[in-house]
Amino acid sequence: MYHQRIGGATYSFDGLVELLAKATPRRSGDELAGCAAESDAERAAAQWALAEVPLTTFLEYPVVPYETDEVTRLILDTHDRVAFQAISHLTVGGLRDWLLGVAATAEAGHTLAAVSRGLTPEMVAAVSKLMRNQDLIAVAKAVEVRAGFRTTVGLPGTLATRLQPNHPTDDPRGIAAAVLDGLLLGCGDAVIGINPATDSPKATADLLYLLDEVRQRFDIPTQSCVLSHVTTTMGLIEAGAPVDLVFQSIAGTEGANSGFGVNISLLREANEAGRSLRRGTVGDNVMYLETGQGSALSAGAHLGTGGKPVDQQTLETRAYAVARELDPLLVNTVVGFIGPEYLYDGKQIIRAGLEDHCCGKLLGLPMGVDVCYTNHAEADQDDMDNLLTLLGAAGCAFVIAVPGADDVMLGYQSLAYHDALYARKVLGLRPAPEFAAWLDRLGMMGTDGRVLPVPPLSSPLRGLASAS
Amino acid sequence: MNESLRPSGIEDSAARAFWADLRRTTQARIGLGRTGDALPTADVLEFRAAHAAARDAVHNPLDVNALAAQVNALGLGEAVHIRSRASDRSEYLRRPDLGRLPSDTATASDTATAPDTATAPDTATAPDTATARDVDTAPREGLSALRSTGADIGIVLADGLSPRALADHGVPMLAALAEILGDRYTLAPPVIATQSRVALGDHIGQALGVGTLLVLIGERPGLSVADSLGIYLTHLPCPGRADSERNCISNIHPPEGLGYTRAAQVAAGLVEGARRLGRSGVDLKDTSAETSLSSSAAVILEAADPLENSAVPGR
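Residues numbered from 1 in each chain as written. Chains lettered and ligands numbered in written order. Predicted model: local features only at pLDDT ≥ 70, side-chain atom pairs only at ≥ 80, totals over all residues. Heavy atoms only, no water.

All names here are of chain A. Taken as a whole, chain A is organised into domain 1 (2-142) and domain 2 (147-461). For domain 1 and domain 2, the distance between their C-alpha centres works out to 27 Å. Across the boundary between the two partners, domain 1 contributes 48 residues, which contact 49 residues of domain 2. Considering only the side of domain 1, the residues that lose the most area to domain 2 are Arg 27, Glu 70 and Leu 74, jointly responsible for 15% of the buried surface there. In this assembly, domain 1 and domain 2 are joined by seven salt bridges. Where Glu 355 meets Arg 27, a salt bridge forms, and the shortest distance between an N and an O atom there is 2.7 Å. (Domains from an automatic or database assignment. Contact = heavy atoms within 4.5 Å. Buried area = accessible area lost by both parts, 1.4 Å probe. Salt bridge = Lys/Arg side-chain N within 4 Å of Asp/Glu carboxyl O.)

Glancing now at the packing of aromatic side chains. Per the stated rule, a full pass over the model turns up four aromatic pairs over all chains. Geometrically, the ring pair formed by Phe 337 of chain A and Tyr 412 of chain A is edge-to-face, given 4.8 Å between the ring centres and 85° between the ring planes. Note that Phe 337 of chain A is positioned in the loop between β10 (330-333) and α18 (346-362) and Tyr 412 of chain A in strand β14 (residues 412-413), a separation of 75 residues in sequence. Owing to a relative accessible area of 9%, Phe 337 of chain A belongs among the buried residues under this scheme. Judged by centre distance (5.3 Å) and plane angle (40°), the ring pair of Phe 435 of chain A and Trp 438 of chain A falls under tilted. Taken together, the residues Phe 435 of chain A and Trp 438 of chain A, both in helix α21 (residues 433-441) and three residues apart, mark about one turn of the helix. For the pair Phe 435 of chain A and Trp 438 of chain A, a shared accessibility class is recorded, and that class is buried. The ring of Tyr 344 of chain A carries Arg 94 of chain B above its face, with NZ or CZ at 5.6 Å from the centroid. (Phe/Tyr/Trp six-rings, centres within 6.5 Å; stacked < 30°, edge-to-face > 60°. Helix = DSSP H or I, 4+ residues; strand = E, 2+ residues; numbered from the N terminus. Buried < 20%, exposed > 50% of the residue type's maximum accessible area, 1.4 Å probe, protein only. Lys NZ or Arg CZ within 6 Å of the ring centre and 35° of its normal.)

For the rest of this paragraph, the subject is the pairing of strand β6 (residues 191-194) of chain A. Residues and elements named next belong to chain A. Side chains of β6 alternate between two faces, with Val 191 and Gly 193 and Ile 192 and Ile 194 buried alike. Direction of pairing for strand β5 (residues 160-163) relative to β6: parallel, over a ladder of two bridges. Paired with Leu 163 across the bridge in β6 is Ile 192. Crossover connection from β5 via helix α11 (residues 172-184) to parallel β6: handedness right-handed. One ladder, built from three bridges, connects β6 with strand β7 (residues 224-226); its direction is parallel. Bridge assignment links Gly 193 to a residue of β7, and that residue is Cys 225. Running through helix α12 (residues 201-217), the crossover from β6 to the neighbouring parallel element β7 is right-handed. (Pairing = 2+ DSSP bridges. Right-handed = clockwise from strand over helix to strand, strands pointing away.)

Moving on, we get to the layout of surface pockets. Reported here for the second largest pocket is a volume of approximately 390 Å³. Along its surface, the second largest pocket is lined by 17 residues, and Gln 381 and Asp 385 of chain A together with Leu 39, Val 44 and Arg 48 of chain B are the ones closest to its centre. When residues of the lining of the second largest pocket are traced back to their parent elements, those giving at least two are α19 (381-393) and α20 (417-427) of chain A together with α2 (41-59) of chain B. A per-element tally of the lining of the second largest pocket places α2 of chain B first, with four residues. (1 Å grid on protein atoms, 1.4 Å probe; cavity = no way out; pocket = protein on both sides within 12 Å on 5 of 7 lines; lining within 4 Å. Points joined across faces, edges and corners; volume = space filled by probe spheres on them.)

The next point concerns unusual backbone geometry. Pro 255 of chain B follows Pro 254 of chain B through a cis peptide bond whose omega is 10°. Residue position: Pro 255 of chain B is located in the loop between β7 (246-252) and α11 (260-277). Here the phi dihedral of Asp 327 of chain A falls at roughly 40°; this positive angle occurs in a residue that is not glycine. Relative to the elements of secondary structure, Asp 327 of chain A occurs in the loop between α17 (312-324) and β10. Asp 327 of chain A sits in the partly exposed class, given a relative accessible area of 38%.

Let us now look at the sheet that holds strand β1 (residues 80-83) of chain B. All names here are of chain B. Ordered by their spatial adjacency, seven strands build an open sheet running β2-β1-β4-β3-β5-β6-β7, and the pairing between neighbours is mixed. Only two strands of the sheet have a single neighbouring strand rather than two, namely β2 (140-141) and β7. Where strand β5 (residues 212-218) meets strand β6 (residues 229-235), seven bridges bridge the pair, whose relative direction is antiparallel. Paired with Leu 216 across the strands is Ile 231, a residue of β6. Helix α3 (residues 64-73) contacts β1, β3 (153-158) and β4 (191-194) of the sheet and is inclined by roughly 160° relative to β4. (Axes fitted to C-alpha atoms, helices over the stretch in contact; angles between N-to-C directions.)

Below, the discussion takes up the interface of chain A and chain B. Contact residues are listed per partner, giving 73 residues for chain A and 51 residues for chain B. For the pairing of chain A and chain B, the buried interface totals around 5000 Å² over both sides, and the portion due to carbon and sulfur atoms is 60%. Summed over the shared surface of chain A and chain B, the number is three salt bridges. With a shortest N-O distance of 3.1 Å, Glu 378 of chain A and Arg 55 of chain B are connected by a salt bridge. The tally of links between chain A and chain B comes to 14 residue pairs in polar contact (both at pLDDT 80 or more). When residues of the side of chain A that touches chain B are traced back to their parent elements, those giving at least two are α2 (28-33), α11, β8 (246-249), β9 (287-291), α16 (295-298), β14 and α20 of chain A. The biggest single contributor to the side of chain A that touches chain B is α11 of chain A, with seven residues. Broken down by class, the residue content of the side of chain A that touches chain B amounts to 37 nonpolar, 22 polar and 14 charged. (Polar contact = N/O pair within 3.5 Å; in protein donor to acceptor, adjacent residues only side chain to side chain. Nonpolar A, V, L, I, M, F, W, Y, C, P; charged D, E, K, R; others polar.)

Tracing the chain through its elements places Thr 232 of chain A in helix α13 (residues 230-238). Once you skip the residues sitting within four places of it in the chain, Thr 232 of chain A turns out to touch Asp 199, Pro 201 and Thr 204 of chain A.

Take a look at the structure:
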């Protein structure tokens, strides 16, 4: 039991799970789960109390039981006590001060990487709850995480993009047209990735061959992915399909992962299968993982120790423990996709995007964000501009981009290809170096790093698409 | 769109023709051109207009009285209006759990979670209260206004995430269903549900005592389609049914989307299958035609109830 007195009132919190939830900045998903603070004062009190919790407490009191949850077992069994030494004496509040102190030093990247394996997701989630948005940006910016396949993502000074050419019926001509549009706008250096309309192996294979042919024909240094279930992709690897990246959605509890039809052992197997193809040129990171706050609650798998609901941000951060076990190329938090019952408005989406990005990077992941919203959320393009700009400042590895910000297959709004050009320009960022060199060979790269407008008819890429 | 806003110096006519040709292959907003690194003005304004239409479709409330009058004119019985426990649109969007519960559930344990709405005067359900109010236009309200019919089929017209979809397509869809189902099965009087999620229908279906329930519900508006209706079928409806125990027909919005007659045929096939199988859900397949519904139709527009459908971040 934790107690905190502020403003003449005493607040009590029954255990770590409740304390974490009540200390979380306000969001609709925690209110839906019934674990949110009931007033701003209670939230402030919880943050005070949380600040005083020693980091060692998180090793002694798992928020989800060790006995019944393999994600907890993974977190505790792989915890690096040596790496933890440097911070083991700290409280959560002390960790915030330590992180910001380190972030201001020249050797921040090295120092933060050295403690990464000593941090558990719960420690990172806890400290993020005490951090302001600028803290989340400053600390994330100081962390350097890079990963590679045919391009290198996460290098300082770069912002990569997933080119997302989705089509409601997987029409190859429509997909090729959207790929062409994105390439002409300098997008696709993180991955060219399609959400298929069906999960059938045949449809997935057709799309894989389509993307691989495009990539080889135009010698594009990037990787392709069709975002099917991991078992579909593993089957296609066996069948000899050209699989670059292996996709899967993951979450922070065993139950939620089970809802996705996966477990850690299956994911390890998928990682091995993907690596066995040795298709990467500059690196061998093959996993593309997606996460998002609220996924555990939506699967009814959000309860922790004592049967209490765990807040969605702590659970999200636990998903990163699963991710880092797989040395992924890309981890994408699909922050505004899940809907207003989890993140109600632009303020909540922006906050969650910054939290996920910072927490993921601290845990050693190449983090990207799908800067997005649905039509029933209280958000619009202005909110997305804000989040994109903040993420660019925070050193985000990649963002998602679709034609005109409108994903006509999934029915939500992400960033437009154009938005990546904006962010790179105002923040002085460039595409991944291998991809930038390719753009340069096509005459699309200005001396200042800007992607130049090229009329489609004078680009060799025009052969990529045809309406007939 | 106002073509004069397009920067003609950047997008020459050949390029425009090139993209126009490609646009026949996809609804995606490809080939928008650039002004500097940004989208041209016309595209920004067009996007805002589409987003505004989608938001209006979510937030503009259903005209219940007008819909009830149209429904009653079909001669299927007098429509009753059921409200969920979500008191307004904001609460509806944040609390899908409340959208699944009727405002006047009788059990004490249920009312404890929402004392305000449970005791609100407008949800009082004594029949004389309803008649005293405005008998000409307002339908009778509340679960207690429903009587057990023992009918084969019940039909609920639910606003869901797009009241506009229900206003535009609800009545013709209901008429098409009545035409194809009316000869073979007995139908309970239609019910109108507001601030509703799919599972609110389970309470209604149970109160009506029907064998199979069809919930016609407004689907989450997309940027290009803001008026899409879905039909959820639940056999032996009762509170607690899982989403996996339902079947869905999505993307009903003629002329672009699925038409009423075709949707009614699919529904009739599913009703027949559910009655034969004794259950609905994952084991029940649409066998109404060789060409099964394009699976994309079910993916474009998320179901009205993302929580039940396990909103998947991996999509």
